[in-house]
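Notes for the structure review
Each chain is listed here by its residues.
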Amino acid sequence: MSSQPSAAAPAAEIGVIGGSGFYSFLDDIEEVRVDTPYGPPSDPIAVGELAGRRVAFVPRHGRDHRFPPHRIPYRANLWALRSLGVRQVLAPSAVGSLTPRYGPGTLGIPDQIVDRTSGRDQTYYEHGAAVHVSFSDPYCPAGRRTAAGTAKTAGWDLADRGTLVVIEGPRFSTRAESQWFAAQGWTLIGMTGHPEAVLARELALCYTSLCLVTDLDAGIEEGEGVTMDEVLRVFGENIGRLRTLVGDVVKALPAERSCPCPNALDGMKLPLELP
Ligand SMILES: [Zn+2]
């Protein structure tokens, strides 16, 4: 098993991990099968071009949506992207809102995470040495700034900061859980933002979460609570503009990284070699 793509594999500088509605925004797509020490990623990676930038796309749940949030091969996805040369990652996803201020159709760009998952593999550094990355600010500041500026220009209802609670799922929250999260001042709730963000940090990648609000979570919603139908309906209505936004953010990302992310592993003795 090799962690490297074949010598002929096309390189990419920017990675997108998102729903399968994102294939169509790349030109001249080449599909690459990448194996990793953590198994294969969710699906072959589509590498293509967008406005002169080389972009690699992974459908987070698999092309046929076969991986529920707790079964996504998060480690393989990030490792595979890095092995293709990716250093900046954009991660669009659907989330719930924990505040009536952010209704369906809002774009959230969180600056904090609360991890309420359990049992997911959330590190590459399991043996040989203790590696403790800083995670006090879990997202790339340059990526967040670029995304917020782009979304504002495009006229999105924007929450340019906030705390994303990541629950284990696949069920939605109870009203009590949801009210508890909201009472802490946390604003967004999803199922895939962790461990994606921390794995990106462990590979010294820039990672920016783009959260499309599809519903109000159970604790603040008056009716029957979150339903999958509602989530899919709002997501379907907004997928086109979300795709456009991701494309515009790709174009606006800096060519050279001047954020702290590339230095996340400085001074640490790594028990494995990064791709
Ligand atoms: Zn960064």
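Named according to an unreviewed UniProt entry, the protein chain is S-methyl-5'-thioadenosine phosphorylase originating from Actinomadura livida. Reading the Catalytic activity (unreviewed entry) entry of the UniProt record for the protein chain gives the comment "S-methyl-5'-thioadenosine + phosphate = 5-(methylsulfanyl)-alpha-D-ribose 1-phosphate + adenine".

With respect to the UniProt feature "site: Important for substrate specificity" (unreviewed entry) in the protein chain
Here, UniProt's "site: Important for substrate specificity" (unreviewed entry) annotation points to S173 and M228. For the annotated residues, spread through 56 residues, the largest C-alpha to C-alpha distance comes to 12.6 Å, consistent with a single compact locus. Locating S173 in the fold gives a position in the loop between β9 (163–167) and α3 (175–183). Classification of S173 by C-beta neighbours within 10 Å gives buried; the count is 22.

Here we look at the UniProt feature "binding site: substrate" (unreviewed entry) in the protein chain
Using the residue numbers shown here, the UniProt feature "binding site: substrate" (unreviewed entry) corresponds to M191, D215, L216 and D217. Summarising the element assignment, M191 is placed in the loop between β10 (188–190) and α4 (193–202). Setting aside anything within four residues of it in sequence, one finds M191 in contact with P69, V166, I167, G169 and P170. Relative to the helices and strands, D217 is located in the loop between β11 (206–216) and α5 (228–252).

A word on the packing of helix α2 (residues 141–153) against α5
In the contact formed by α2 and α5, the axes pass within 9 Å of each other and the chain directions differ by 130°. The angle between α2 and α5 places the two elements in the oblique class. Between α2 and α5 lies a crossing whose hand is right-handed. Judged by residue contacts, T146, A147, T150 and A151 of α2 engage L245, D248, V249 and A252 from α5. Of the residues contributing to the contact of α2 with α5, the split by class is five nonpolar, two polar and one charged.

Rules used throughout
Residues numbered from 1 in each chain as written. Predicted model: local features only at pLDDT ≥ 70, side-chain atom pairs only at ≥ 80, totals over all residues. UniProt positions renumbered as here; feature names shortened; annotations may be inferred. Helix = DSSP H or I, 4+ residues; strand = E, 2+ residues; numbered from the N terminus. Buried ≥ 20, exposed ≤ 12 C-beta atoms within 10 Å, placed from the backbone. Contact = placed C-beta atoms within 7 Å. Axes fitted to C-alpha atoms, helices over the stretch in contact; angles between N-to-C directions. Parallel < 35°, antiparallel > 145°, perpendicular 65-115°, else oblique. Left-handed = near helix turned anticlockwise from the far one by under 90°. Nonpolar A, V, L, I, M, F, W, Y, C, P; charged D, E, K, R; others polar.

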